[in-house]
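The residues making up each chain are set out below.
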Amino acid sequence: KVNKPSKHQPFTLEIANVTQLANQAHILCTREFNAMCITEHSLLPHQFQGAKNTFGASSKIDLSKLDPEKGNQTGGTGLILRGDKHITKPAPISTRMAEILDQGRAGLYAYEVCTDVFCTTYVVYGYTNGDSCNEAASRTDDLLSIILCDIEQRPNGPILIVGDLN
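Residues numbered from 1 in each chain as written. Predicted model: local features only at pLDDT ≥ 70, side-chain atom pairs only at ≥ 80, totals over all residues. Heavy atoms only, no water.

**Q** I tried to follow helix α4 (residues 134-152) on my own but got confused; where do I start?
**A** In an α-helix, one full turn covers 3.6 residues, which means residues spaced three or four apart are oriented alike. With 19 residues, α4 ought to run about 27 Å at 1.5 Å a step, and its terminal C-alpha atoms sit 26 Å apart, in line with that. The inward-facing, buried residues of α4 abut α3 (95-100), β5 (106-114), β6 (117-125) and β7 (159-164). (Helix = DSSP H or I, 4+ residues; strand = E, 2+ residues; numbered from the N terminus. Expected span 1.5 Å × (residues − 1). Contact = heavy atoms within 4.5 Å.)

**Q** Looking at this structure, I do not really get the packing of aromatic side chains. What am I missing?
**A** Each aromatic ring pair is characterised by the separation of its centres together with the angle its planes make. According to the stated counting rule, one finds one aromatic pair in the structure shown. Considering the side-chain rings of F11 and Y111, the 5.7 Å spacing of their centres and the 10 degrees angle between planes classify their relative orientation as stacked. Here F11 is found in the segment before β1 (13-17), whereas its partner Y111 is found in strand β5, with 100 residues between them in sequence. In this structure, R82 is placed above the aromatic ring of F33, and the distance from its NZ or CZ to the ring centre is 4.0 Å. The positively charged end of R105 is found above the aromatic ring belonging to Y127, 4.0 Å away from the centroid. (Phe/Tyr/Trp six-rings, centres within 6.5 Å; stacked < 30°, edge-to-face > 60°. Lys NZ or Arg CZ within 6 Å of the ring centre and 35° of its normal.)

**Q** In this structure, what is going on with unusual backbone geometry? I would like to understand it.
**A** Comment: phi is negative for the bulk of residues other than glycine, and the bulk of peptide bonds are trans. Phi at T19 is positive, roughly 65 degrees, even though this residue is not glycine. Along the chain, the position of T19 falls in the loop between β1 and α1 (21-28). With phi around 55 degrees, N166 is a residue other than glycine that occupies positive phi space. Its place among the elements puts N166 in the segment after β7.

In structure tokens, the structure reads:
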């Protein structure tokens, strides 16, 4: 049973680094959540429908492209939303945000968490080995700086930055 957004019911947001959504969807679809932010879905566009079918008709799914720098099928961000609400994709405000959006490392979504309250969420898939590689850490820092600049230009309201910072 999934809670429908209201002023009196909780809204459950999960953040999942799934590594490969095709392999994990059958497990994730059994979890109780209203929304799930996804990093590293690792699906090609022709595989999106299979994931949608696993989660069922009451779920909406939006998945980005994969990281074009990777030679293998890796990366991607996304959102799964359950219930009768719809995924909103706010326009990026900054030019730099527009350049990185939906290219495998950053996603931008909004969804209703209770009546007339929308949460803007940035989903980040950081560069691998950031804890031991200065270049990877710096590139992830650059992603976060771009996101923070975009946030500074947004109207007040609930905003999250979630994901796998590696």
